[in-house]
Amino acid sequence: MTSTVPPPMRPEPDLPAVIEAMLFASASEPVLMEEIRAGLPECEAEQIEAGIEELERRLDRRGSGLRLERVAGGFRLVTRPEHAERLRSLFRFRNRKRLTPAALEVLAIVAYAQPITAPEIQEIRGTDPAYALRVLLDRRLIRIVGRRRVVGRPILYGTTREFLMHFGLDSLADLPPVEAFGTKVMPSQRRLFPASASDAGEEAVPAEPPAVPATPGPTGRAAPPPA
Amino acid sequence: MSQAAGSAASPPGGLEIHVGRFQGPLDLLLHLVRSQDMDILDIPIVEIARQYNAYLERMRELDLEIASEYLLMAATLAHIKSRMLLPPDPEAEGVEEDPRAELSRQLLAYEAFKKAAEELAALESARDLVFTRPVPPPREFAGEVTVRAGLTDLVRAFERILARLEAQESTVVVHREDVRLPDMMQRLLDRLEQRRRFSFREMLEECRTRLERIVLFLALLELIRNGVARARQAHWREDILVEAETGGTT
């Protein structure tokens, strides 16, 4: 390998190319808008947004096997679904674990009605959700978001970033709407049971730990801005 | 939806049900209502209770263990049935609520979430067709990448380390030691003073008792909470790396 002097940064970088490189280097972890911006301090947010859209178009136009995906508030490169069959031969031992129907139901309730406690989930499903909750916690699809200020201070559950990534959602607002009582139940509509929705306060726990690295790596992750 | 292969005899009513496919009493009830086009807001309670009990009876015949929640629902149905038979209370103010209303609400809410679960299942299937790069970062940067880990991950990691260490433990501690949280916090702070980053597993290995390890872990959580230290972990099965919180106080 010959060591070469890196080319000087051009005043006007080819934005879509730079972004593509960042998404490639970042592996399966979606790159956040702030992280792209940190790598391109000379660019305005709108320019970067335009660059992302241009990259999307380029990938389509050149018939790339990859496409840009907006997931969990970030961006990443993923393969196109039409290649799935051929790709599987590469991953003979890959075993994506599907969730059981019971776990999926509990997860759906947490996703659409969060934050929610185990007794409230039990009221909706008529069965004890303890085991499903443990499985979902272990798979990092849900997390403890606080406690309800009622007797026993029951734990409140909510979904995680991992949840968004698992289902390919950009945000909770992208959850598919569901019909109920002849009206649509939107994710924002937190309670279907006004009776059980004891408007008691909630004690919050800190949000998910942000990915703040100590050093900027090749993943394009930015160091925290100096205070 | 009529079920199903494998069902031997049909319960009275000619309804065939594949035993064990229900997620709970509400799921069973919803199936009964929907499969026979009953009005969910005007449930024929006598009929539904009969069919429900026939189903439970059948489970008993097959020697299946019936979860208590199914029995609770049977009792609820019986209770609603008896309330329907009572004449309305003339003393009661206004219109009494239909005894079945709560059940209808529950069924509708459950049905909504069941559909939501189906939507999630469809999204999950669609994800099977999409591949991302499940590769770790380049080795030279491997130690520098922050992994998101929540409290659950830390606790699970700790449980794992404890289990591993206890398997190794051969000596029996005879004397009881007084282990204090402030001492352990100080020990962690001293270590941070010496080294910017260190392995929590190593420190745990230095501990002689389970109590010491637990207090050490609590001390770590305390330091994190106070913004003095930061813990990182590449994977919940792996070691926890502790380092000084650069942004905060030292």
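Residues numbered from 1 in each chain as written. Chains lettered and ligands numbered in written order. Predicted model: local features only at pLDDT ≥ 70, side-chain atom pairs only at ≥ 80, totals over all residues. Heavy atoms only, no water.

Section: the overall build of chain A
Here's step 1: In terms of helices and strands, chain A carries eight helices and nine strands.
Here's step 2: For chain A, the residues scored as buried account for 41% of the 227 residues in total.
Here's step 3: In chain A, once contacts between residues fewer than 6 apart in sequence are set aside, the share between residues at least 24 apart is 55%.
Here's step 4: Carbon and sulfur atoms provide 58% of the accessible area of chain A, an area that totals close to 12,400 Å². (Helix = DSSP H or I, 4+ residues; strand = E, 2+ residues; numbered from the N terminus. Buried < 20%, exposed > 50% of the residue type's maximum accessible area, 1.4 Å probe, protein only. Contact = heavy atoms within 4.5 Å. Areas by Shrake-Rupley, 256 points an atom, 1.4 Å probe, with all protein chains shown as cover.)

Things to note about the packing of aromatic side chains
Residues and elements named next belong to chain A.
Here's step 1: Considering all chains together, one arrives at four aromatic pairs over all chains under this definition.
Here's step 2: Each ring, one from Phe 163 and one from Phe 167, has its centre 5.1 Å from the other, and the planes form 55°; the classification is tilted. With a gap of four residues between them, Phe 163 and Phe 167 both fall in helix H8 (residues 161–167), about one helical turn apart.
Here's step 3: The class of Phe 163 is buried, set by a relative accessible area of 0%.
Here's step 4: Given a relative accessible area of 1%, Phe 167 falls into the buried group. (Phe/Tyr/Trp six-rings, centres within 6.5 Å; stacked < 30°, edge-to-face > 60°.)

What about the packing of helix H2 (residues 45–61) of chain B against helix H3 (residues 68–85) of chain B?
Residue and element names in this part refer to chain B.
Here's step 1: Where H2 meets H3, the closest approach of the two axes is 10 Å, and the angle between their N-to-C directions is 155°. Accordingly, the angle class assigned to the pair H2 and H3 is roughly antiparallel. Crossing of H2 over H3 shows left-handed handedness. Contacts between H2 and H3 involve Ile 45, Val 46, Ile 48, Ala 49, Tyr 52, Asn 53, Leu 56 and Arg 60 from the former and Tyr 70, Leu 71, Met 73, Ala 74, Leu 77, Ile 80, Lys 81 and Met 84 from the latter.
Here's step 2: Within the contact of H2 with H3, the residues separate by chemical class into 13 nonpolar, one polar and two charged. (Axes fitted to C-alpha atoms, helices over the stretch in contact; angles between N-to-C directions. Parallel < 35°, antiparallel > 145°, perpendicular 65-115°, else oblique. Left-handed = near helix turned anticlockwise from the far one by under 90°. Nonpolar A, V, L, I, M, F, W, Y, C, P; charged D, E, K, R; others polar.)

Regarding the nonpolar core
Here's step 1: Ranked by size, the top nonpolar core spans 35 residues in total, and within it Leu 107 and Phe 163 of chain A carry the most contacts.
Here's step 2: Elements with a minimum of two residues in this core: helix H5 (101–113), helix H6 (118–125), helix H7 (130–138) and H8 of chain A together with helix H4 (101–127) of chain B.
Here's step 3: Per-element accounting of this core gives the leading share, 10 residues, to H5 of chain A. (Core = buried A, V, L, I, M, F, W, Y, C linked by side-chain atoms within 4.5 Å.)

Re the environment of Glu 159 of chain B
Residues and elements named next belong to chain B.
Here's step 1: By the element assignment, Glu 159 lies in helix H5 (residues 151–168).
Here's step 2: Residue Glu 159 is classed as partly exposed on the basis of its relative accessible area of 40%.
Here's step 3: Through-space distance from the C-alpha of Glu 159 to that of Arg 237 is 9.8 Å; in sequence the pair is 78 residues apart.

Brief notes about the pairing of strand S6 (residues 155–159) of chain A
Residues and elements named next belong to chain A.
Here's step 1: Most of S6 sits out of view: four of its five residues are buried.
Here's step 2: Pairing geometry for strand S4 (residues 116–117) and S6, over two bridges, is antiparallel. Bridge pairing in S6 links Ile 116 to Tyr 157.
Here's step 3: By the bridge criterion, five bridges tie strand S5 (residues 142–148) to S6 in an arrangement that is antiparallel. Within the sheet, the bridge partner assigned to Ile 142 lies in S6 and is Thr 159.
Here's step 4: Between the antiparallel neighbours S5 and S6 lie six residues, among them Gly 152 with a positive phi of about 90°. (Pairing = 2+ DSSP bridges.)

A word on the pairing of strand S3 (residues 74–79) of chain A
All names here are of chain A.
Here's step 1: Of all six residues in S3, six are buried; the element is thus mostly enclosed.
Here's step 2: Along S3, one buried face is formed by Gly 74, Arg 76 and Val 78 and the opposite face, lined by Phe 75, Leu 77 and Thr 79, is buried too.
Here's step 3: The sheet contact formed by strand S1 (residues 31–32) and S3 spans two bridges and is antiparallel. Across the sheet, the residue bridging to Val 31 is Phe 75, located in S3.

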